[in-house]
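An overview of the molecular structure
Listed below are the residues making up each chain.
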Amino acid sequence: MPLACVLAIVVGLSSAFLAASHAWAEESIILQSTTSTQNSGLLDWLLPRFEKRTGIHVKVVAVGTGQALKNAARGDGDVVLVHARRLEEDFVRAGHGVDRRDVMYNDFVIVCPKDDPAGIAGLKDAAEALKRIARTKTRFISRGDDSGTHHKELSLWRAAGIDPRKASGKWYLEAGRGMGATLNMAAAMGACTLTDRGTWIAHGNRGDLTIVVQGDPKLFNQYGVILVNPERHPHVKERTARKFIDWLTGPEGQGLIAAYRLKGQQLFFPNASASAPKTDDE
Amino acid sequence: MLVHLDADVLEIVGLSLEVSLTAVALAALMGMPAGAALALHRFPGRQPVVVLVTALMGLPPVLLGLVVYLLLSRSGPLGVLGLLYTPTAMIIAQALLVLPIVIALSQRVVASMWEEYAELMQSLNVRGLHLVLTMLYEARLALMTVGLAAFGRAIAEVGAVMIVGGNINHATRVMTTAIALETSRGNLSLALALGLVLLLLALLVNVGVHVVARISGERNMVAA
């Protein structure tokens, strides 16, 4: 009771206080997205251009795919932009979101220290690479945070027929952190990890990590955009949110995604209109 | 390693100050009278309250952030207010975070001054709310230190503002969440530079308060 009283007072006072100092008159939506779209710099490239065109301010909450979908399911957001197809379909099926669309893709890569402790450099088969990592007990850092990358990693372990969680805390380390933080840990510990290529290229602290496995179709990384169901959450700004989704999947947004380059490399490949995206983008 | 004081950094610094100073001001407004009342009045259940408040000084910011998130989330009891991911939500979280510190430390300050003032106040027959306000006024210099301790806790925490603010660029990004973001991007030198700016900021606020305290202290001496 006292806590509720205090909270009510604080809410009242600070809302009144801030109503004066913050004008929220501009049109804005909240985008629940992933650390990879933020850490790779893609959203910093896209959103100011969208805002210039439409006057709509997109506020980004960058968390793992799992958390983004859970936040959105609670109604805390207007749009989600994530990368875990199965979770996205569950999200739509449960009625939390509507109108899922493909946006773009890139791929995942396995990075390890340059001296290749697991002996997997150059392999094309990601599952075989994980088998060797497990056999050599090479330290592997998992995101361990229910993110899209984490789910991809777990599906690769399943394909390899290995349950790495039995070795959790030994050679298999579950960080529970974002992609960038996980890369920092891998670089500091000389461990292997799975990362999306966008974050990898953008990351400023790689230590002596290098890409050892890439090009397996299983490493395909599709991003999708979903409107949070306005029928379930009436406060969702459907009209504004749809403008953003249409722009992102339309010619201008797709063109800008293709044009985004970092260190001379293209990070994301637009495929909103493609029905069957190619996976051999390398 | 030079930080360009560009518009973005200034905006982040400004929001950090705005959020934490407002939170401390609100916590002081409620917590200082509460602390003084705890020091000056005897009532049943007083001791457990003191123990509880002291224990809450160690409240983990991330836990408080989670509780405030659940309250302010659209599916939460206060969801209709639409406050999640706004500076207001961050102020609420930080105010609640530092409130126990303000109450507990104010109680100590006023309790120790009371030994000196008890006789005087009793002879003047000052009681109740009047007594609380009088003692707060007499203790104002020591209470500035309480405010600084609260400010230090507020400006330095990252767990609560990350959850309830969302670290949204140009909306809810403050120094600590910006440092966390740049670290996760692997921009360690930029993260470190931002950290130095944060330290500098805390130092400036402390110096400012000490100067104010010194000046008002001298004025009191002259008046006496």
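Residues numbered from 1 in each chain as written. Chains lettered and ligands numbered in written order. Predicted model: local features only at pLDDT ≥ 70, side-chain atom pairs only at ≥ 80, totals over all residues.

Quick notes on the environment of B:Thr145
Here B:Thr145 is to be found in helix H6 (residues 140-156). For the pair B:Thr145 and B:Leu105, spaced 40 residues apart in sequence, the C-alpha separation works out to 9.2 Å. (Helix = DSSP H or I, 4+ residues; strand = E, 2+ residues; numbered from the N terminus.)

What about the interface of chain B and chain A?
A common measure of how large an interface is: the accessible area buried when the components associate. On the chain A side, the residues contacting the 27 residues of chain B number 30 residues. Listed by contribution, the elements that provide at least two residues to the side of chain B that touches chain A are helix H1 (7-40) and helix H4 (87-124) of chain B. Per-element tally for the side of chain B that touches chain A: the top contributor is H4(B), with seven residues. Residue composition of the side of chain B that touches chain A, grouped by class: 15 nonpolar, ten polar and two charged. (Contact = placed C-beta atoms within 7 Å. Nonpolar A, V, L, I, M, F, W, Y, C, P; charged D, E, K, R; others polar.)

A closer look at unusual backbone geometry
Positive phi values are uncommon outside glycine, yet A:Asp99 reaches one of about 65°. Locating A:Asp99 in the fold gives a position in strand S4 (residues 97-113). Not every positive phi belongs to a glycine, and B:His170 is a case in point at roughly 60°. Tracing the sequence through the fold places B:His170 in the loop between helix H7 (159-165) and helix H8 (175-184).

A closer look at the packing of H1(B) against H4(B)
Residue and element names in this part refer to chain B. Where H1 contacts H4, the axes come no closer than 5 Å and their chain directions differ by 35°. Our pair here, H1 against H4, has a crossing hand that is right-handed. For the contact of H1 with H4, the residue count by class is 26 nonpolar, seven polar and one charged. (Axes fitted to C-alpha atoms, helices over the stretch in contact; angles between N-to-C directions. Left-handed = near helix turned anticlockwise from the far one by under 90°.)

Notes on helix H3 (residues 61-72) of chain B
Residue and element names in this part refer to chain B. With twelve residues, H3 extends 16 Å from end C-alpha to end C-alpha; this agrees with the ideal 16 Å at 1.5 Å per step. All of the buried residues along H3 are Pro61, Leu64, Gly65, Val68, Tyr69, Leu71 and Leu72. Projected onto a plane normal to the axis of H3, the buried residues spread over an arc of 160° and lie on a single side. For H3, the secondary structure elements touched by its buried residues are H4 and H7. (Expected span 1.5 Å × (residues − 1). Buried ≥ 20, exposed ≤ 12 C-beta atoms within 10 Å, placed from the backbone. Arc of directions from axis to C-beta.)

Some details on helix H10 (residues 238-249) of chain A
Residues and elements named next belong to chain A. Taking 1.5 Å of rise per residue, the twelve residues of H10 would be expected to cover 16 Å, and the 16 Å separating its terminal C-alpha atoms lies within 8% of that figure. Along H10, the positions that sit buried rather than exposed are Ala241, Phe244, Ile245, Leu248 and Thr249. Along the axis of H10, the buried positions cluster into a sector of 120°, meaning they face one direction only.

Side note on the domain arrangement of chain A
Residues and elements named next belong to chain A. Domains assigned within chain A are domain 1 (28-105 + 222-270) and domain 2 (107-219). For domain 1 and domain 2, the distance between their C-alpha centroids amounts to 26 Å. Between domain 1 and domain 2, the residue contacts involve 20 residues of the former and 14 residues of the latter. When contributions to the side of domain 1 that touches domain 2 are tallied by element, the ones reaching two or more residues are helix H2 (35-39) and helix H4 (65-73). Its residues assigned to classes, the side of domain 1 that touches domain 2 shows seven nonpolar, twelve polar and one charged. (Domains from an automatic or database assignment.)

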